[in-house]
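# Architecture and fold: a report
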Amino acid sequence: MNKPKSDLSTNTEGWKAINWRQAERYIFKLQKRIFAANRCGDVKKVRKLQKTLMRSWSNRILSVRRVTQDNIGKKTAGVDGLKSLSPAARLELARELKLTGKSKPTRRVWIPKPGNNKKRPLGIPVMYDRALQAVVKAALKPSREAIFEPNSYGFRPGRSCHDAIKKIKLCIQHKAKFVLDADIAKCFDRINHYELMQKLNIKGKVRRQVKSWLKSGVIDDGVFSATSEGTPQGGVISPLLANIALHGLENTLMEYARTIDMKDCRGHQVGWQHKVKSLSFIRYADDFVVIHKYKLVVQRCREIISEWLAGMGLELKSEKTRLTHTFKDELSEDGKAGA
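Before going into details, it helps to say that this report is about the structure given with it. Quick caveat: nothing in here was measured; it's all calculated off a predicted structure.

On to the overall build of the protein. Check the secondary structure of the protein and you find 13 helices and eight strands. In terms of overall size, the protein behaves like a compact globule, its C-alpha atoms giving a radius of gyration of 23 Å where 339 residues would be expected to give roughly 20 Å. Each of the three principal axes of the protein carries a C-alpha extent, and together these read 75 × 45 × 35 Å. When the 339 residues of the protein are sorted by exposure, 47% land in the buried category.

Shown next, in the form of structure tokens:
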């Protein structure tokens, strides 16, 4: 396999002797070029750079290190029982990684949800699939970051829940407004595979590999079940796939915002720019809020969101979705103002 001159050698160099900083710099530079190329609309260059990154030895060893050393779940085994790899085994795993269009089933693990007695299902891929997912994710993510909507905060580099909270505070601190506080029911488990693959818009080996991960099935207490929808929580690439699935919701709401009936003090319709600015949408993973000064606008947004989500095989979680007012209890659906 031919490798770029700037890449690392796969010679008999030991795992501990790898120059990790050099590897990280090389990957970061390639990712910056992918991001810039996608911003410029150069699809051909994006595809070429993504292939280079996925073939890169640096990408493979960094991906192996993330899933076997850095990640919290590094000692959680998949269906093959493999975990806690030795340095020599990590090097061997990095050498073996390639797109085959095949994958092994995930192992179902149930973890408790905070605050109640319910449990959340995780799908734990085998170590090989986790490492390969990290390789593919490193190549796909920069092009997606170039186009993701501005008010999406979950599972994105340089963004956190604190940034989302700060944005919400800025939207409501000067004027009383209505807020739709919403949650998507079983988001990771119900994403429509066909619609997701259409949005992913990739071809060839990468497409077959991602589809294989989605269709790999799950083994729960020794019983195999096929997966016809959803992307398993516990998969390295799953957060990126979830963001891709939910991409477009904010733009849909902003298109509606252009049509809002809003008049100035003289009774004239305000410009579309002002209408769009008046509506706020902030999303963190599968939780989001919609903010506007008119209740009817927020109610219409809830209808639009429900219709949009249905196209992805998703729906709002009724017990965690509420329309409230920032100050007045009597204007909130459940009689409680605020978050």
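On we go.
This next bit is on the side chain of Thr 106. Along the chain, Thr 106 falls in strand E1 (residues 106-112). When sequence neighbours within four positions are dropped, the list of residues in contact with Thr 106 reads Val 79, Gly 123, Ile 124, Pro 125, Ser 216, Gly 217, Val 218, Ile 219 and Pro 232.

The next point concerns the pairing of E1. Across two bridges, E1 lies against strand E4 (residues 218-220) in parallel orientation. Looking at the pairing, Thr 106 lines up with Val 218 of E4. Taken together, the six bridges between E1 and strand E2 (residues 119-124) define a ladder with antiparallel strand orientation. The residue bridging Val 109 from the neighbouring strand is Leu 122, located in E2. As consecutive antiparallel partners, E1 and E2 are separated by six residues, and within that stretch Gly 115 has a phi angle of approximately 90°, a positive value.

For the rest of this paragraph, the subject is the packing of aromatic side chains. Applying the stated criterion across every chain yields a total of three aromatic pairs. Pairing Trp 15 with Trp 20 gives two aromatic rings, centres 5.0 Å apart and planes at 65°, and the pair type is edge-to-face. Comparing Trp 15 with Trp 20, the two get one shared label, buried. Seen in terms of ring centroids, Phe 281 and Phe 288 are 5.4 Å apart; in terms of plane orientation they differ by 40°. Their pairing is tilted.

Parameters at a glance
- Residues numbered from 1 in each chain as written.
- Predicted model: local features only at pLDDT ≥ 70, side-chain atom pairs only at ≥ 80, totals over all residues.
- Heavy atoms only, no water.
- Helix = DSSP H or I, 4+ residues; strand = E, 2+ residues; numbered from the N terminus.
- Rg over C-alpha atoms; globule rule 2.2 N^0.38 Å.
- Buried < 20%, exposed > 50% of the residue type's maximum accessible area, 1.4 Å probe, protein only.
- Contact = heavy atoms within 4.5 Å.
- Pairing = 2+ DSSP bridges.
- Phe/Tyr/Trp six-rings, centres within 6.5 Å; stacked < 30°, edge-to-face > 60°.

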